[in-house]
Structures are given as C-alpha cells and as structure tokens.
Amino acid sequence: MTHTPRFASVDDVTERLATQGYLASDEIATTVYLADQLGKPLLIEGPAGVGKTALSAAVSAATDGELVRLQCYEGVDEARALYEWNHAKQLLRITAAGAHHDTAGADEADWSSVKEDIFTDEFLLSRPLLTAIRNAHPTVLLIDELDKADVEIEGLLLEVLSDFQVTVPELGTIRASQTPFVVLTSNATRELSEALRRRCLYLHIDYPEAELELRIVRLTVPDLDETLAASVVRLVGALREMRLRKSPSVAETIDWARTLVSLGTGGELQPELVRATLGVVLKHREDIELAVQTLDLDRALA
C-alpha cells in the first residue's frame, strides 16, 4: 500500500479548500494537513451544521478524489457498511447450471465448479468501506455520524482503519493499493470507543468566530449587502447565547442570508422581518417564542 500526500503545506490546505468554498480556520487546516501527511483517519466532533461533512466534500474536490460516504444510523451492519453477496444473482446462476443435464441425469456443471463460480467479484456487492479500499484512484472516505450507529460497528472499523484492509472469507484479504483520506464525524450523542479514537487524529469544530462566519456568509451569498450580512451574523450570535433546544448552525445562517436576498431586503434588517423569518434559523416553536420574547431586536440590530 502506498501513501502519497495530497497537500504540500498547511497554507496549501487553506488555499485549496478556499477554492472549493470552504474557509478553514488555522486549526482545521493544520489537522487536515497532519492527517494527510500521516495517513491517519480524522475524527471530527462538534454540533450539527458546523461544516464537518462539508469539510470532507471540500477535501475530495480539492484533491480530485472520489467521495465515498457511509451514512451511519441505528442498525447499520456489515452488509450495509462493508459488502454482501448478491444472493438473487447467485441463485439464478445455480438454477441455470442445474438446468443443464444429459439424459442420464448428470449435470454438465457439478456443484464444486458452480460453488467456485458464484463466489467471485461478479456476485460481490461492494459497500462504502470496501469500495474505498478497492479504489485505485484518490478517495475520501466519509463515515458520517458514527455516533448514531451501534457500538458493534466500531469493531468492524478497527481492521479497516488500522491496516486499510478487509477480509472476505470466500476471496481472502483485500488490501488497499493507496491510502484513502478517512473522515469520521460525530455529533457526540454517545461516547466513541477509546480503541477507535487511538487510531485517529482528533478535531473539534465549533461555531465559528463572528469574523470567520461573516467571511463564510459573504463568500456563499455574495449578493447580500455587506451591512446586512454583518447584522445577520451578529443576530445569529445573539441567538446562540440563548438557552435554545437547537442553536442555529452555520448552514442555517447561510439559509437566512439567502432568504433575505430572495425577499429583496435592502441594507437594513428590520425587527418585523426578523420575526417573520425566524423559522429559517430556529426549528422549534418554543425556541422561536423564547427569541421573540427575550431578544431585544432593536438593540441587537443596532
């Protein structure tokens, strides 16, 4: 297995991610660079909507790699994560072989030859983990929201993340010819195992500082007035300081900015318009009610 670094320096990471619309902080750029240099998986934790998944897509685009994604959920198993056999196609092959026999009743293809035939690549359904390992070209493997999966799935990942290989009993051990760039994300709804953490570099992404978030908004929504963009970022920051069920994410800040552009808002954000569009950034009725009752919009927008 060969490992060819994708980035030349931390500054190279920052610049190339920026060309894909991802403005990385120094901490993010440094950790991505180290994960690339060391060939280690990158475990990213943080609130939903702060750019964990978007970082994987940006790395993939910046390095001309294929993005292979395993979306985790409760009950995801080896068949969905690694591989499974195409049983329907195997049955058809067995049936077709059994249909060919002579008048004496002897099969043209005996069972041993059929058995060897049906356990081949033709009948193997490759899932994300195996797909990433078998790819001969640059690949970014995203294991998204791992904390939503059962603990047992972490045991499956240990062999993959340690040696970048997968054992298929019928075919043997399949080893990666090149090291994929692996990103695991977690919203920290449950604690991940220490064995898994040891194999990864760690990065925590939180809500960005106001200056960085303003740059993100201006890059993503260039049609929004600069003063208005600053007001949106300042107001979202005030909302995040409240005791909400779900604080607004960066993605929702961008959605709000796009909403204001769609409504043809001028260079000033009015309290009435904020109240009418709070449902873009707050997704629970009690959060909206709390914001309306406690937030001094005149002061926040000043």
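Structure first, text after, so check above.
To start, this report covers the structure provided alongside it. Each residue is numbered by its place in its chain's sequence as written, counting from 1. For a predicted model such as this one, the threshold for reporting local features is a pLDDT of at least 70, and the threshold for listing and counting side-chain atom pairs is 80 or more; totals across whole chains, interfaces and linings nevertheless cover every residue. Side-chain metrics rest on all non-hydrogen atoms present in the structure, leaving aside hydrogens and water.

A count of helical and extended segments in the protein gives 15 helices and 9 strands. Each radius of gyration reported is based on C-alpha atoms, and the globular scaling rule is 2.2 Å times the count of residues to the power 0.38. Rg of the C-alpha trace for the protein: 25 Å, well past the compact-globule value of 19 Å for 302 residues, more than 25% over. Reported as C-alpha extents along the three principal axes, the dimensions of the protein are approximately 95 × 40 × 35 Å. Considering the protein as a whole, with its 302 residues, one finds that 45% of them fall into the buried category. Contacts are assigned to residue pairs that have any heavy atoms within 4.5 Å of one another. Nonlocal contacts in the protein, meaning residues at least 24 apart in sequence, comprise 75% of its contacts between residues at least 6 apart. All accessibility values rest on the Shrake-Rupley procedure with a 1.4 Å probe; residue burial counts only the protein chains present in the view. Carbon and sulfur atoms form 50% of the exposed surface of the protein, whose accessible area is close to 15,300 Å². As used throughout, the charge tally considers Lys and Arg to be positive and Asp and Glu to be negative, leaving His and the chain termini uncounted. Charge positions come from single atoms, namely NZ of Lys, CZ of Arg, CG of Asp or CD of Glu. Taken as two groups, the 29 positive and 49 negative side-chain charges of the protein have centres that lie 3 Å from each other. To qualify as a helix, a DSSP run of H or I must reach at least 4 residues; to qualify as a strand, a run of E must reach at least 2; elements of each kind are numbered from the N terminus. With a 1.4 Å probe rolled over the protein chains alone, any residue whose accessible area is under 20% of its type maximum counts as buried; one over 50% counts as exposed, and the rest are partly exposed.

All right, on to unusual backbone geometry then. Residues other than glycine seldom take positive phi values, yet Glu145 does so here, at roughly 55°. Under the relative-accessibility criterion, Glu145 is labelled buried at 18%. Notably, Ala188 is not glycine yet its phi reads approximately 60°, a positive angle. Take Ala188: it is sitting in the loop between strand 8 (181-186) and helix 9 (194-198). Overall, Ala188 belongs to the partly exposed group, its relative accessible area being 49%.

In this section: the packing of helix 11 (residues 226-240) against helix 12 (residues 250-262). Put simply, helix 11 and helix 12 touch, their axes get as near as 10 Å, and they point 140° apart. The angle between the axes of helix 11 and helix 12 places the two elements in the oblique class. Here the hand of the crossing between helix 11 and helix 12 comes out right-handed. Residues Leu228, Val232, Leu235, Val236, Leu239 and Arg240 of helix 11 form the contact with helix 12, whose own contacting residues are Val250, Thr253, Trp256 and Leu260. Lys, Arg, Asp and Glu make up the charged group, whereas Ala, Val, Leu, Ile, Met, Phe, Trp, Tyr, Cys and Pro make up the nonpolar group; the residues left over, Gly among them, are polar. Class assignment of the residues belonging to the contact of helix 11 with helix 12 gives a composition of 8 nonpolar, 1 polar and 1 charged. Helix axes use the C-alpha atoms of the stretch in contact, all axes being lines fitted to C-alpha atoms, and the angles between their N-to-C directions lie in the range 0 to 180 degrees. Any angle that is under 35 degrees is reported as roughly parallel, and any over 145 degrees as roughly antiparallel; angles of 65 to 115 degrees are reported as roughly perpendicular and all others as oblique. For a crossing to be left-handed, the near helix must be turned anticlockwise from the far one by less than a right angle; the clockwise case is right-handed.

When charged atoms on two side chains of opposite charge get close, those side chains can pair. For this analysis, a salt bridge means a side-chain nitrogen from Lys or Arg found within 4 Å of a carboxyl oxygen belonging to Asp or Glu. What the rule picks out here adds up to 17 salt bridges. Glu84 serves as the salt-bridge partner of Arg127, at 2.3 Å between the closest nitrogen and oxygen. In this pair, Arg127 sits in the loop between strand 4 (124-126) and helix 7 (128-134) while Glu84 sits in strand 3 (residues 83-85), placing the two residues 43 residues apart along the sequence. Across the pair Glu213 and Arg240 runs a salt bridge whose closest N-O atoms are separated by 2.8 Å. With a gap of 27 residues between them, Glu213 in helix 10 (residues 210-220) and Arg240 in helix 11 connect regions that are remote in the sequence. By relative accessible area, Arg240 is classed as buried at 16%.

What follows deals with the pairing of strand 7 (residues 172-175). Taken together, the 4 bridges between strand 6 (residues 165-168) and strand 7 define a ladder with antiparallel strand orientation. Considered in strand 7, the bridge of Val168 is made with Gly172. When DSSP finds two or more bridges between two strands, those strands count as paired.

Moving on, we come to the pairing of strand 1 (residues 42-45). Neither face of strand 1 is left uncovered, since the one carrying Leu42 and Ile44 and the one carrying Leu43 and Glu45 both have all their residues buried. Pairing of strand 1 with strand 8 involves 4 bridges; the strand directions are parallel. The residue bridging Leu42 from the neighbouring strand is Val183, located in strand 8. With 4 bridges joining them, strand 1 and strand 9 (residues 201-204) adopt parallel strand pairing. Within the sheet, the bridge partner assigned to Glu45 lies in strand 9 and is His204.

On to the sheet that holds strand 5 (residues 139-144), then. Spatially, the 5 strands line up as an open sheet ordered 2-5-8-1-9, and their pairing is parallel. With one partner strand each, in any of the chains shown, strand 2 (66-71) and strand 9 form the two edges of the open sheet. On average, each strand axis in the sheet is inclined to that of its neighbour by 20°, with strand direction left out of account. Running at roughly 165° to strand 9, helix 2 (residues 26-38) makes contact with strand 1, strand 8 and strand 9 of the sheet. Relative to the sheet, helix 3 (residues 52-62) contacts strand 1, strand 2, strand 5, strand 8 and strand 9, its axis offset from that of strand 5 by approximately 170°.

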